[in-house]
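Each chain, written out:
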Amino acid sequence: EQIELFLKDRHQSVTEVIRPNITKGNIVIQDRYIYSTAAYQGGNEFTCEEILLKNEEQGFPKPNLVFFIDLTPEEARERRVARGGKKEYFDEDSSQNLIYQNYMKILPANTVFLDGNANLEELTTIVLEQIMSYIVD
């Protein structure tokens with residue numbers, strides 16, 4: 001049921017925002033899309049591969065570039081502990097490990113892996129260079 005709700009939400013987003021902008025020739029940049037849904041939701045009722053397939057069966061556009069800020073689950077835990085705050089559902093080590101493994105299974109060939117320990121300026125430069133390279137080519 002939860003996956004169906006994710007698909008309905010994505011369908012609305014694709015229909016009302018993503019496709020119209022692609023049709024106009026605009027660049028669409030999103031933080032989270034079909035791969036994050038599959039990585040975070042995969043494991044209980046459906047595998048990450050099955051969830052990704054459900055998204056693909058809907059005909060949702062595939063991204064031309066995917067950026068993945070690569071940070072091990074252990075490094076992510078250290079950051080969460082350092083920042084403090086309320087613990088969330090996905091903060092458990094077992095969840096973080098599964099999510100990371102799921103991403104590694106399903107990220108497409110056009111994924112640009114970014115070092116999660118790099119500073120913001122470095123990451124910004126790499127992302128902009130990749131986007132510009134794609135646009136120019």
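Presented here is an overview of the structure given in this document. Bear in mind the structure is a predicted one, so any value in this text is a computation, not a measurement.

About the criteria used
Residues numbered from 1 in each chain as written. Predicted model: local features only at pLDDT ≥ 70, side-chain atom pairs only at ≥ 80, totals over all residues. Heavy atoms only, no water. Helix = DSSP H or I, 4+ residues; strand = E, 2+ residues; numbered from the N terminus. Buried < 20%, exposed > 50% of the residue type's maximum accessible area, 1.4 Å probe, protein only. Contact = heavy atoms within 4.5 Å. Areas by Shrake-Rupley, 256 points an atom, 1.4 Å probe, with all protein chains shown as cover. Lys, Arg positive; Asp, Glu negative; His and termini not counted. Charge placed at Lys NZ, Arg CZ, Asp CG, Glu CD. Axes fitted to C-alpha atoms, helices over the stretch in contact; angles between N-to-C directions. Parallel < 35°, antiparallel > 145°, perpendicular 65-115°, else oblique. Left-handed = near helix turned anticlockwise from the far one by under 90°. Nonpolar A, V, L, I, M, F, W, Y, C, P; charged D, E, K, R; others polar.

### Brief notes about the overall build of the chain
Looking only at helices and strands, the chain features 6 helices and 2 strands. The N-to-C order of helical and strand elements in the chain reads α-α-α-β-α-α-β-α. The dimensions of the chain, computed from C-alpha atoms along their principal axes, are 45 × 40 × 25 Å. Going through the 137 residues of the chain one by one, you find that 30% of them count as buried. Here the contacts in the chain between residues at least 6 apart in sequence split such that 72% fall between residues at least 24 apart. A total accessible area of about 9400 Å² is found for the chain, and carbon and sulfur atoms account for 51% of it. Averaged over its 14 positive side-chain charges, the chain has a centre that lies 5 Å from the centre of its 23 negative ones.

### Details of the environment of Asn97
Residue position: Asn97 is located in helix H5 (residues 93–106). In the structure, Asn97 is positioned 25 residues away from Thr72 in sequence and 8.4 Å away in space, judged by C-alpha atoms. Those residues in contact with Asn97, other than ones at most four positions away along the chain, are Pro73 and Glu74.

### Re the packing of helix H4 (residues 73–83) against H5
Remark: H4 packs on H5, axes separated minimally by 9 Å, with the N-to-C direction vectors making an angle of 135 degrees. For the element pair H4 / H5, the angle class is oblique. By crossing handedness, the relation of H4 to H5 is classed as right-handed. Residue-level inspection shows Pro73, Glu74, Ala76, Arg77 and Arg80 of H4 in contact with H5, the latter providing Asp93, Gln96, Asn97 and Tyr100. For the contact of H4 with H5, the class distribution of residues is 3 nonpolar, 2 polar and 4 charged.

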